[in-house]
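Below, each chain spelled out in residue letters.
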Amino acid sequence: MRASRALLAAFALAVAADLGCLAAGFHAGHVAAKVLLMPLLAAWAARAGGPRLLVAALLCGWGGDVLLLSDADPAFMAGMACFAAGHVCYLVLFHRHGPPRARAGVLAVGYAAALLTLVVLLWPDLPAGLRGPVAGYSTLLTAMAYAALTRIGPVAGLGGALFMLSDTLIATGVADWPQLPRPDFWIMLTYVAGQFLLVRGTLDARSVPAAAYREVRQTTP
């Protein structure tokens, strides 16, 4: 228990340091803190008994974090591939959890509409070589966020939505759209919160028997 609390405290400290450095414009501090975030969260998830796929998803995110510290185009593509691999881990994990909850069909329409709107709006302003990869990655990310909500629950669902928001902010920057002040701060804030909530929701869902989900589906109009 103490080790788990220590890891969570270390993660919270790294988050605070990273966001503080971004707010202050201290790039070296941001780099030092960023590379610690996902390993600490993965260690906490593993210590808490999280499944291997959850830990793998976080380590894929760590790979993406490290690669995106570079401004080179190949590093951006490789970072996107790492995050995509993480989304695949999440998707497999969420689908193993059980069948979708009630109203999944209605939610699917909403997520699909959000994806289509984003891709259509971004498409003309993205570099030609990134249009296909960004569209494919966005589809995978949206599927992950949808599965988090419909198969795990609202906490993980919020995490998936924040992950989508974080990557949307990155995409609008690539498309050269107007940005908020300190855009990296908002990108990291939504990203770290999203990853933490995905972990928290997944860990919480372990204690809910699959039979309970079936009962909810049978009794929900």
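Anyway, here's the lowdown on the structure attached to this text. (Residues numbered from 1 in each chain as written. Predicted model: local features only at pLDDT ≥ 70, side-chain atom pairs only at ≥ 80, totals over all residues. Heavy atoms only, no water.)

Regarding the layout of surface pockets
The volume enclosed by the largest pocket comes to roughly 990 Å³. Along its surface, the largest pocket is lined by 46 residues, and L68, F76, I170, D184 and I187 are the ones closest to its centre. Residue assignment for the lining of the largest pocket shows that the elements contributing at least two residues are α1 (2–24), α2 (27–47), α4 (73–97), α5 (104–122), α6 (128–152), α7 (154–174) and α8 (183–205). With 10 residues, α7 is the single largest residue contributor to the lining of the largest pocket. Taken together, the residues of the lining of the largest pocket break down into 28 nonpolar, 11 polar and 7 charged. (1 Å grid on protein atoms, 1.4 Å probe; cavity = no way out; pocket = protein on both sides within 12 Å on 5 of 7 lines; lining within 4 Å. Points joined across faces, edges and corners; volume = space filled by probe spheres on them. Helix = DSSP H or I, 4+ residues; strand = E, 2+ residues; numbered from the N terminus. Nonpolar A, V, L, I, M, F, W, Y, C, P; charged D, E, K, R; others polar.)

With respect to the environment of G79
Assignment of secondary structure puts G79 in helix α4. Taking the C-alpha atoms as reference points, G79 and V66, 13 residues apart in sequence, are found 7.7 Å from one another. Setting aside anything within four residues of it in sequence, one finds G79 in contact with G64, L67 and L68. (Contact = heavy atoms within 4.5 Å.)

Remarks on the pattern of salt bridges
Overall, the coordinates contain 1 salt bridge when judged by the stated rule. Here R200 ties to D204 by a salt bridge, and the two come within 3.0 Å at their closest N and O atoms. You can see R200 and its partner D204 sitting in helix α8, 4 residues apart, about one turn around the helix. Given a relative accessible area of 29%, R200 falls into the partly exposed group. Using a relative accessible area of 35% as the deciding quantity, one classes D204 as partly exposed. (Salt bridge = Lys/Arg side-chain N within 4 Å of Asp/Glu carboxyl O. Buried < 20%, exposed > 50% of the residue type's maximum accessible area, 1.4 Å probe, protein only.)

Re a nonpolar patch on the surface
On the surface, L59, W62 and V66 cluster together into a nonpolar patch covering about 240 Å² of accessible area. Counting through the fold element by element, L59 comes out in helix α3 (residues 52–67). (Patch = residues over 30% accessible without salt bridge, like charges linked within 9 Å, V, L, I, M, F, W, Y side chains within 5 Å. Areas by Shrake-Rupley, 256 points an atom, 1.4 Å probe, with all protein chains shown as cover.)

A closer look at the side chain of H87
For H87, the location among the structural elements is in helix α4. The class of H87 is buried, set by a relative accessible area of 1%. Apart from the residues lying within four places of it in its own chain, the contact partners of H87 are Y137, L140, L141, M144, F163 and D167.

A short note on the packing of α3 against α4
Two elements in contact, α3 and α4, have axes whose closest approach is 8 Å; the angle formed by their N-to-C orientations is 165 degrees. On the basis of their axis angle, the class for α3 and α4 is roughly antiparallel. For the pair α3 and α4, the crossing hand works out as left-handed. For the pair α3 and α4, the contacting residues are L53, L54, A56, A57, L58, C60, G61, G63, G64, D65 and L67 in the first and A75, A78, G79, C82, F83, A85, G86, C89, Y90, V92, L93 and R96 in the second. Across the contact of α3 with α4, the residue classes tally to 16 nonpolar, 5 polar and 2 charged. (Axes fitted to C-alpha atoms, helices over the stretch in contact; angles between N-to-C directions. Parallel < 35°, antiparallel > 145°, perpendicular 65-115°, else oblique. Left-handed = near helix turned anticlockwise from the far one by under 90°.)

So, to be careful, I would describe these as geometric facts and stop short of saying anything about function.
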